[in-house]
Amino acid sequence: MKPERFKQIDIQLDTNLRIPFWKEQIEKLWIIERTDTDRGYVMDEHVHQFFELLINYYPVPLRHTVAGNAYDTDTPFIQFRAPYILHSTSALDFTPYTRTNIAFHPLVLAEFGGICKLGKLANCQECVIPTTTEKIMTLEPLLTRLRRVRDPNVPKHVWISALSMLIWEISEMAENAIVHGAETSPYIQELLQYTVEHAEEDLSIDTLAEHFFVSRNKLTRDFRAAVHMSLHEYITEVRIHRAKILLMEGLPLSVIAERCGFSGDSSFVYMFRSHTGMTPGEYRKRGVASNLPKRSI
């Protein structure tokens, strides 16, 4: 038995990745339902500003990365991911990959007196709940309700209530959840958010340490313990990911370099090539030739 439909319903992303957009988008809920069958599914490591619930319906061999660490899955599963965590998912063969992805803004959790709570899913960067197709299908009535209340005329508290019921039901299935990534303290979570939202600014360790009222040594030590990479590596990955999006928008290299926080065109080209193995121009040509989407979730 398959869910009632698999098609892209609503994708709206912020090219500049700045918080004013997302404050407006707290009214939104993203539901993406799709099946990839024509080729192996591959996604570069990237970062989002929202929580993600991913429901994988069938046994598919997949490789995931989270904060620089890799792990594999080959059973149906439910995956929950916190915002601002570098991650990727790639298929290991050409088995059809069918999933539902639900994304919602972190501020949703604070709406209506905390009506939407994460329960057992809280305080983890990413967790995976191995399960079966049959158990996942028991969630279908809640997913169907969530789809129906996404009508723009439905009050926000109605879909938040539906989302809350789905999250609660999933958290009850989380007894055997496998946690990937360390528990993230509130100040590290704020630091992750700040670096994504201010990627075009000066993000030196000294500047960030002063902003968060901690010593340079504590900042670098706590960040590496939580994210399993250096702060410099994380910032560079965020900037490269943003550059990939802007390259597909057709912007000049000088504009992209400025918006991504690089000191100039030559610095941008050097860093991009060292991370991707190709120049920005080559990446843009490859994307146009293969008709890659400009934006992805």
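Note that this is a predicted model, so its numbers are computed, not measured. (Residues numbered from 1 in each chain as written. Predicted model: local features only at pLDDT ≥ 70, side-chain atom pairs only at ≥ 80, totals over all residues. Heavy atoms only, no water.)

*Asks:* Where do I start with the nonpolar core in this structure?
*Replies:* Side chains that are nonpolar tend, in soluble globular proteins, to be buried together. Counting 67 residues, the largest nonpolar core has Ile78, Phe80, Leu121, Leu208, Val227 and Tyr234 as its most contacted members. When residues in this core are grouped by element, the largest group, 7 residues, is from helix α4 (residues 156-172). Beyond its immediate stretch of four places on either side in the chain, Phe80 contacts Phe51, Glu52, Leu53, Phe104, Leu118, Leu121, Cys124, Gln125, Glu126 and Cys127. Ranked by size, the runner-up nonpolar core spans 14 residues in total, among them Leu247, Ile256, Cys260 and Phe268. (Core = buried A, V, L, I, M, F, W, Y, C linked by side-chain atoms within 4.5 Å. Buried < 20%, exposed > 50% of the residue type's maximum accessible area, 1.4 Å probe, protein only. Helix = DSSP H or I, 4+ residues; strand = E, 2+ residues; numbered from the N terminus. Contact = heavy atoms within 4.5 Å.)

*Asks:* Would you mind showing me how to read the sheet that holds strand β3 (residues 62-66) here?
*Replies:* In sheet architecture, strand pairing relies on hydrogen bonds along the backbone and comes in two forms, parallel and antiparallel. Read from one edge of the open sheet, 3 strands run β4-β3-β6, paired in antiparallel fashion. In this open sheet, the two edge strands, each paired with only one partner strand, are β4 (69-73) and β6 (87-91). On average, each strand axis in the sheet is inclined to that of its neighbour by 20°, with strand direction left out of account. Bridge analysis of β3 against β4 gives 5 bridges, and the strand direction is antiparallel. Within β4, the position partnered with His64 by the bridge is Tyr71. (Pairing = 2+ DSSP bridges. Axes fitted to C-alpha atoms, helices over the stretch in contact; angles between N-to-C directions.)

*Asks:* Would you mind going over the confidence of the model for the protein chain with me for this structure?
*Replies:* Parts of the model with low pLDDT should not have their predicted coordinates read in detail. Within the protein chain, residue pLDDT values average 78, and 79% of them lie at 70 or more. Of all helices and strands in the protein chain, the one with the weakest mean pLDDT is helix α1 (residues 19-24) (34), whereas helix α9 (residues 253-259) scores best (93). In this model, residues 1-27 is a region of pLDDT below 50 whose contacts with residues beyond four sequence positions or in other chains number 81 contacts. Per-residue pLDDT stays below 50 along residues 291-297; that stretch engages in 22 contacts with residues further than four places along the chain or on separate chains. (pLDDT = per-residue confidence, 0-100.)

*Asks:* Before we go on, may I ask you to explain the packing of helix α7 (residues 216-227) against helix α8 (residues 231-248) in this structure?
*Replies:* Any two packed helices are characterised by the angle at which their axes cross and by the distance between the axes. Look at α7 against α8: their axes get within 9 Å of each other, and the N-to-C directions meet at 65°. Residues Leu219, Phe223, Arg224 and Val227 of α7 touch α8, and the partners they reach there are Leu231, Glu233 and Tyr234. Of the residues that constitute the contact of α7 with α8, the class distribution is 5 nonpolar, no polar and 2 charged. (Nonpolar A, V, L, I, M, F, W, Y, C, P; charged D, E, K, R; others polar.)

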